[in-house]
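Read off the chains here:
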Amino acid sequence: MKSKKRFSLSTTHLIMLSFLGVIAVGALLLWLPISSASGESVAFTDALFTATTATCVTGLVTLPTYATWSTFGQVVILLLIQIGGLGLITIMGAISLLLRRKMGLGDRLLLQDAFNLNSLFGIGKFVSRVVLGTLIVEGTGALLYMLVFVPEFGLRGIWISIFTAISAFCNAGIDLLGDVSLSAYATNPLVNAVTIALIVSGGLGFVVWWDVLHVFTLIGKRKHPLSHLTLQSKIVLSSTVLLLGIGFAAFLCFEWNNPATLGSHSVFDKLQMALFQSVTTRTAGFFTIPQESLTLPSALVALVLMFIGGSPVGTAGGIKTVTFAVLLAKAASAIRGRDRVSLFGRTIKEEAIGKAVAVCMTSFLIMALSTLGLSLVSDASGIDILYETVSATATVGLTRALTPTLNTLGKLIVIATMYLGRVGPISLAVAFVVGANQQNQIENPTEDISVG
């Protein structure tokens with residue numbers, strides 16, 4: 001008698017399905033009349049689009065959030081953003097720990113893959129610190145926002161502050177302030193500073209948080225405390241500073257005399273607006289200047305920054321800074337004729353290089369197919385379509401005013417792009433390692449080829 005094969009889902013599949021499940025529940029809730037400000041159900045396509053953009057912490061919206069959704073609908077959207085930023089698996093793990101339930105091996109494996117960690121050791125403690133740290137940062141941001149929004153909006157300013165803080169930290173870019181995001185506060189130093197701090201802290205990654213905090217405890221106790229940072233943190237921090245600096249300088253240069261963006265503002269305001277633009281392209285989605293008014297060189301710089309995105313084990317999207325750094329280091333090694341890839345005096349494993357290539361190529365393929373599809377169903381300009389698809393693939397949320405004009409097919413294409421952009425590269429990176437471990441190590445014959 002033949003034994004039946006037992007069907008089981010891998011942790012990768014469970015992570016992908018968890019996002020799908022959250023999106024499905026969110027879409028159904030937003031489709032209810034109670035979620036609409038008018039009391040009438042919105043089109044299901046728009047409910048599905050909103051649930052996807054919130055869960056995938058993207059920020060592209062077909063309907064204005066502040067005017068379309070009731071308080072109930074806004075609460076649903078905020079919960080989807082929080083779940084999407086941390087991940088359903090993380091939320092469930094935190095609840096399990098709160099109820100003092102012991103996590104099994106399966107739960108730990110899920111969390112390990114969800115955060116793309118290298119070890120199961122200390123998973124429970126890691127989850128607790130992630131959730132607690134998130135609440136502290138978001139709470140601090142909300143309190144600071146209240147200094148601006150409560151005097152302007154009254155008690156409703158409390159809700160706007162909480163919503164904006166969570167959305168900024170999760171790099172979602174959805175707000176309740178109007179059709180023009182944070183444009184009304186483009187020259188407000190407090191709103192700019194708080195938003196930038198929340199975006200960057202969410203995008204750095206939770207692992208880097210603890211590493212930086214550990215180094216701070218060594219100040220005065222050890223010589224050269226920065227040398228105690230892990231390789232991951234060194235790559236993340238250096239690449240983040242470098243990319244933010246390049247973006248800031250580029251936007252300042254290309255938009256200095258543009259009357260539709262920075263041209264009419266003071267030098268100080270130009271500086272903070274250029275910095276905000278550089279930060280928000282790292283998958284945040286908020287904007288203080290209209291993206292459709294950017295010069296072509298600025299738009300091209302934004303496309304590159306959006307595609308790279310934030311850092312691993314955080315709330316940001318994109319191929320991630322570490323992936324970008326590893327690929328650059330691999331290219332530099334190839335040019336120098338070296339077999340090994342090194343960063344900060346450490347050799348990068350071939351496994352990590354393979355994952356970097358896989359993630360980059362997967363994201364590029366998603367973006368290319370999405371661009372082709374959207375070009376077939378939209379008569380928008382090429383730069384507007386590319387801006388939309390890169391934004392959706394990297395879960396950024398910036399648009400050149402194209403999202404609200406999408407037809408049904410266009411919306412479905414962007415929905416699929418946001419979902420694949422959120423789970424596709426991560427899942428492939430995990431599957432890459434699993435597949436390599438499960439296959440027999442059979443070496444095929446070697447033959448030279450010409451490249452380049």
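Up top is the structure.
Residues numbered from 1 in each chain as written. Predicted model: local features only at pLDDT ≥ 70, side-chain atom pairs only at ≥ 80, totals over all residues. Heavy atoms only, no water.

### Some thoughts on the overall build of the protein chain
Okay, so step 1: Within the protein chain one finds 17 helices and 2 strands.
Okay, so step 2: Residues counted as buried form 51% of the 452 residues belonging to the protein chain.
Okay, so step 3: Sequence-distant contacts in the protein chain: of pairs separated by 6 or more residues, those separated by 24 or more amount to 70%.
Okay, so step 4: Roughly 21800 Å² of accessible area belongs to the protein chain as shown, and the carbon and sulfur atoms make up 66% of that amount. (Helix = DSSP H or I, 4+ residues; strand = E, 2+ residues; numbered from the N terminus. Buried < 20%, exposed > 50% of the residue type's maximum accessible area, 1.4 Å probe, protein only. Contact = heavy atoms within 4.5 Å. Areas by Shrake-Rupley, 256 points an atom, 1.4 Å probe, with all protein chains shown as cover.)

### Brief notes about the nonpolar core
Okay, so step 1: If you look at the biggest cluster of nonpolar residues, it comprises 54 residues, and the most contacted ones within it are Leu30, Ile77, Ile81, Tyr145 and Phe206.
Okay, so step 2: Once you skip the residues sitting within four places of it in the chain, tyrosine 145 turns out to touch Ser161, Thr164, Ala165, Ala168, Val191, Val194, Thr195 and Leu198.
Okay, so step 3: One finds Leu243, Ala274, Ile289 and Met367 within the second-largest nonpolar core, a separate group that totals 28 residues. (Core = buried A, V, L, I, M, F, W, Y, C linked by side-chain atoms within 4.5 Å.)

### Some details on the packing of aromatic side chains
Okay, so step 1: All told, the structure shown has 6 aromatic pairs when counted by the stated rule.
Okay, so step 2: Between tyrosine 145 and phenylalanine 149, the ring centres sit 5.4 Å apart and the planes meet at 25°, which makes this aromatic pair stacked. One end of the pair is tyrosine 145 and the other is phenylalanine 149, both in helix 7 (residues 123-153) and 4 residues apart, which spans about a single turn.
Okay, so step 3: Taking relative accessible area as the criterion, phenylalanine 149 reaches 0% and is therefore assigned buried. (Phe/Tyr/Trp six-rings, centres within 6.5 Å; stacked < 30°, edge-to-face > 60°.)

### What to know about helix 12 (residues 267-280)
Okay, so step 1: Between its first and last C-alpha, helix 12 extends 20 Å over 14 residues, near the 20 Å set by a 1.5 Å rise per residue.
Okay, so step 2: By the criterion of burial, helix 12 is predominantly enclosed, with 10 of the 14 residues buried.
Okay, so step 3: Residues of helix 12 that are buried include every one of Asp269, Lys270, Gln272, Met273, Ala274, Phe276, Gln277, Ser278, Val279 and Thr280, and no others.
Okay, so step 4: Taken together, the buried residues of helix 12 touch helix 9 (189-204), helix 11 (231-255), helix 13 (296-308) and helix 16 (382-393). (Expected span 1.5 Å × (residues − 1).)

### Some details on helix 2 (residues 44-55)
Okay, so step 1: Along its 12 residues, helix 2 runs 16 Å from first to last C-alpha, staying within 8% of the 16 Å computed at 1.5 Å per residue.
Okay, so step 2: The element helix 2 is largely enclosed, with a buried count of 9 among its 12 residues.
Okay, so step 3: Taken together, the buried positions of helix 2 are occupied by Asp46, Ala47, Phe49, Thr50, Ala51, Thr52, Thr53, Ala54 and Thr55.
Okay, so step 4: Of the residues flanking the end of helix 2, it is valine 57, one or two places downstream, whose phi is positive at about 40°.

### Topic: unusual backbone geometry
Okay, so step 1: For phenylalanine 344, which is not a glycine, the phi torsion comes out positive at approximately 50°.
Okay, so step 2: When you line up the elements, phenylalanine 344 lands in the loop between strand 1 (342-343) and strand 2 (346-347).
Okay, so step 3: Using a relative accessible area of 44% as the deciding quantity, one classes phenylalanine 344 as partly exposed.
Okay, so step 4: Despite not being glycine, threonine 395 has its phi angle at roughly 50°, a positive value.
Okay, so step 5: Relative to the assigned elements, threonine 395 resides in the loop between helix 16 and helix 17 (408-438).
Okay, so step 6: With a relative accessible area of 1%, threonine 395 lands in the buried category.

### Structural notes on a nonpolar patch on the surface
Okay, so step 1: Together, Val25, Leu29, Leu32, Ile34 and Phe72 line one region of the surface with nonpolar side chains, adding up to about 410 Å² of accessible area.
Okay, so step 2: Along the chain, the position of valine 25 falls in helix 1 (residues 11-31). (Patch = residues over 30% accessible without salt bridge, like charges linked within 9 Å, V, L, I, M, F, W, Y side chains within 5 Å. Salt bridge = Lys/Arg side-chain N within 4 Å of Asp/Glu carboxyl O.)

### What to know about the pattern of salt bridges
Okay, so step 1: Taken as a whole and assessed by the stated rule, the structure comprises 2 salt bridges.
Okay, so step 2: Between aspartate 46 and lysine 411 there is a salt bridge, with its nearest N and O atoms 2.8 Å apart. On the criterion of sequence distance, the pair formed by aspartate 46 in helix 2 and lysine 411 in helix 17 is long-range, its members being 365 residues apart.
Okay, so step 3: Residue classification places aspartate 46 among the buried residues on the basis of a relative accessible area of 8%.
Okay, so step 4: Relative accessible area serves as the criterion here: at 13%, lysine 411 is assigned to the buried category.
Okay, so step 5: Here arginine 400 and aspartate 384 are joined by a salt bridge, their closest N and O atoms 2.6 Å apart. In this pair, arginine 400 is assigned in the loop between helix 16 and helix 17 and aspartate 384 in helix 16, connecting sequence segments 16 residues apart.

### Description of the packing of helix 9 against helix 12
Okay, so step 1: The N-to-C vectors of helix 9 and helix 12 enclose an angle of 25°; their axes lie 10 Å apart at closest approach. Between helix 9 and helix 12, the interaxial angle falls into the category roughly parallel. As helix 9 runs across helix 12, the sense of the crossing is left-handed. Residues Pro189, Asn192, Thr195, Ile196, Ile199 and Val200 of helix 9 lie in contact with helix 12, whose contacting residues are Phe268, Gln272, Leu275, Phe276 and Val279. (Axes fitted to C-alpha atoms, helices over the stretch in contact; angles between N-to-C directions. Parallel < 35°, antiparallel > 145°, perpendicular 65-115°, else oblique. Left-handed = near helix turned anticlockwise from the far one by under 90°.)

### Observations regarding the side chain of threonine 321
Okay, so step 1: Along the chain, threonine 321 falls in helix 14 (residues 321-336).
Okay, so step 2: Threonine 321 gets classed as buried once you look at its relative accessible area, which sits at 0%.
Okay, so step 3: Of the polar contacts made by the side chain of threonine 321, one reaches the side chain of serine 311; its length is 2.8 Å.
Okay, so step 4: For threonine 321, the contacting residues outside a window of four places in its chain are Val236, Ser239, Thr240, Leu243, Arg282, Ile308, Gly309, Gly310, Ser311 and Pro312. (Polar contact = N/O pair within 3.5 Å; in protein donor to acceptor, adjacent residues only side chain to side chain.)

### Side note on the packing of helix 11 against helix 14
Okay, so step 1: At their nearest, the axes of helix 11 and helix 14 sit 9 Å apart, and the two run at 90° to each other. One finds that helix 11 runs roughly perpendicular with respect to helix 14. Seen from helix 11, the contacting residues are Gln232, Ile235, Val236, Ser239, Thr240 and Leu243; seen from helix 14, they are Thr321, Val322, Phe324 and Ala325.
Okay, so step 2: Its residues assigned to classes, the contact of helix 11 with helix 14 shows 6 nonpolar, 4 polar and no charged. (Nonpolar A, V, L, I, M, F, W, Y, C, P; charged D, E, K, R; others polar.)

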